[in-house]
Amino acid sequence: AQSVTQLGSHVSVSEGALVLLRCNYSSSVPPYLFWYVQYPNQGLQLLLKYTSAATLVKGINGFEAEFKKSETSFHLTKPSAHMSDAAEYFCAVSVGTGGFKTIFGAGTRLFVKA
Amino acid sequence: KAGVTQTPRYLIKTRGQQVTLSCSPISGHRSVSWYQQTPGQGLQFLFEYFSETQRNKGNFPGRFSGRQFSNSRSEMNVSTLELGDSALYLCASSLEVAASTDTQYFGPGTRLTVL
């Protein structure tokens, strides 16, 4: 069965510092992996997705993630944190060939200190 | 294009009642998925509809049901509400070109409080 584990429910960084949010997946088939961001009182917004093309995926707002099959990881990074990056981030895996069944990680709340 | 819209945005019900939530997908999108988000359980998949057919279902009791209309709008219903059903219910739509790799676009959610 597919699953996603996000390491660290809370991450705090200083403005301008590197952001690293960790995600490990478990999948018996080649996975389709996603990172979403959720701001307070809003729905989820897609940051980026891996669909078996390039292993380094660039997304919106300066975020990127690297798919590492040997480590079963899909960590999200951003070189320089901005105050507006403060939000909750979800890693997800999409399973099944007949439609959607997206499995989400527990989420990581990112705090950015001035 | 307008985004995914969900109505109502907030809802307060009492135990034992039933509730219907509505989702209007982005124009042209044919797949609609529903998720429940709670602090304890996180984001959990409820079900997914395509062309008025439920294609996938999560691990929720039969009190949770849904349907999709010919215009792709979707409703979900929860009967005999329990306190634990208090949650943010999110709807997401997609074009349904490549299924699992499609981008899902989420609505703002309906916040359900059960008293």
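That block above? That's the structure.
None of the values given here were measured: they were computed from a predicted structure.

What counts and how
Residues numbered from 1 in each chain as written. Chains lettered and ligands numbered in written order. Predicted model: local features only at pLDDT ≥ 70, side-chain atom pairs only at ≥ 80, totals over all residues. Heavy atoms only, no water. Contact = heavy atoms within 4.5 Å. Salt bridge = Lys/Arg side-chain N within 4 Å of Asp/Glu carboxyl O. Polar contact = N/O pair within 3.5 Å; in protein donor to acceptor, adjacent residues only side chain to side chain. Helix = DSSP H or I, 4+ residues; strand = E, 2+ residues; numbered from the N terminus. Buried < 20%, exposed > 50% of the residue type's maximum accessible area, 1.4 Å probe, protein only. Disulfide = S-S within 2.5 Å. Pairing = 2+ DSSP bridges. Axes fitted to C-alpha atoms, helices over the stretch in contact; angles between N-to-C directions.

Asks: Which parts of the structure should I look at to understand the interface of chain A and chain B?
Replies: The accessible area lost on association of the parts is a frequent measure of interface size. On the side of chain B, 24 residues touch chain A, which itself brings 22 residues to the contact. Inspection of the chain A/chain B interface yields zero salt bridges. Summed over the shared surface of chain A and chain B, the number is four residue pairs in polar contact (both at pLDDT 80 or more). Per-element accounting of the side of chain A that touches chain B gives the leading share, four residues, to strand 4 (residues 32-38) of chain A.

Asks: Looking at this model, I keep getting lost on the pattern of salt bridges. Mind explaining?
Replies: Note that side chains of opposite charge can pair when their charged atoms are close. In total, this model carries eight salt bridges over all chains according to the counting rule given. Between Lys58 of chain A and Glu64 of chain A there is a salt bridge, and its shortest N-O distance comes to 2.8 Å. For Glu64 of chain A, a relative accessible area of 23% puts it in the partly exposed group. Of the charged contacts, one joins Arg109 of chain A and Glu88 of chain A as a salt bridge, the two residues approaching to 3.0 Å between their closest N and O atoms. Placement of the pair is Arg109 of chain A in strand 11 (residues 108-113) and Glu88 of chain A in strand 9 (residues 87-94), with a sequence separation of 21 residues. Linked through salt bridges whose partners overlap, the residues forming this network are Arg63, Glu82 and Asp85 of chain B.

Asks: Please clarify how the state of the cysteines should be interpreted in this entry.
Replies: Where two cysteines share a covalent bond between their sulfur atoms, that bond is called a disulfide. Residues and elements named next belong to chain A. In total, this model carries two disulfides over all chains according to the counting rule given. One disulfide bridge connects Cys23 with Cys91, the sulfur atoms lying 2.0 Å from each other. Sign of the S-S torsion, about -65° for the bond between Cys23 and Cys91, identifies this disulfide as left-handed. One end of the pair, Cys23, is in strand 3 (residues 19-26); the other, Cys91, is in strand 9, with 68 residues separating them in the sequence.

Asks: Before we go on, may I ask you to explain the sheet that holds strand 7 (residues 64-68) of chain B in this structure?
Replies: For sheets, the rule is that strands pair by backbone hydrogen bonds, running either parallel or antiparallel. Residues and elements named next belong to chain B. With antiparallel pairing, the four strands of this open sheet are ordered in space as 1-3-8-7. The open sheet is flanked by strand 1 (5-7) and strand 7, the only strands paired with a single partner. The sheet shows a mean angle of 20° between the axes of neighbouring strands, direction not considered. For strand 3 (residues 19-24) and strand 8 (residues 74-78), the ladder comprises five bridges, and the chain directions are antiparallel. Directly across from Cys23, in strand 8, lies its bridge partner Ser74.

Asks: Please clarify how the pairing of strand 7 of chain B should be interpreted in this entry.
Replies: Taken residue by residue, a regular strand's side chains alternate between the two faces of the sheet. Two elements, strand 7 of chain B and strand 8 of chain B, share five bridges in a ladder whose sense is antiparallel. Pairing of Gln68 of chain B across the sheet is with Ser74 of chain B, part of strand 8 of chain B.

Asks: Where do I start with the sheet that holds strand 8 (residues 73-78) of chain A in this structure?
Replies: All names here are of chain A. The antiparallel open sheet is built from five strands, whose spatial order is 1-3-8-7-6. Two strands in the sheet have a free side with no partner beyond their single neighbour: strand 1 (3-7) and strand 6 (56-58). Within the sheet, the average angular offset between the axes of one strand and its neighbour, ignoring direction, is 20°. In this sheet, strand 8 lies alongside strand 3 in antiparallel orientation, the contact comprising four bridges. Residue pairing for strand 8: Asn24 is matched across the bridge by Ser73.

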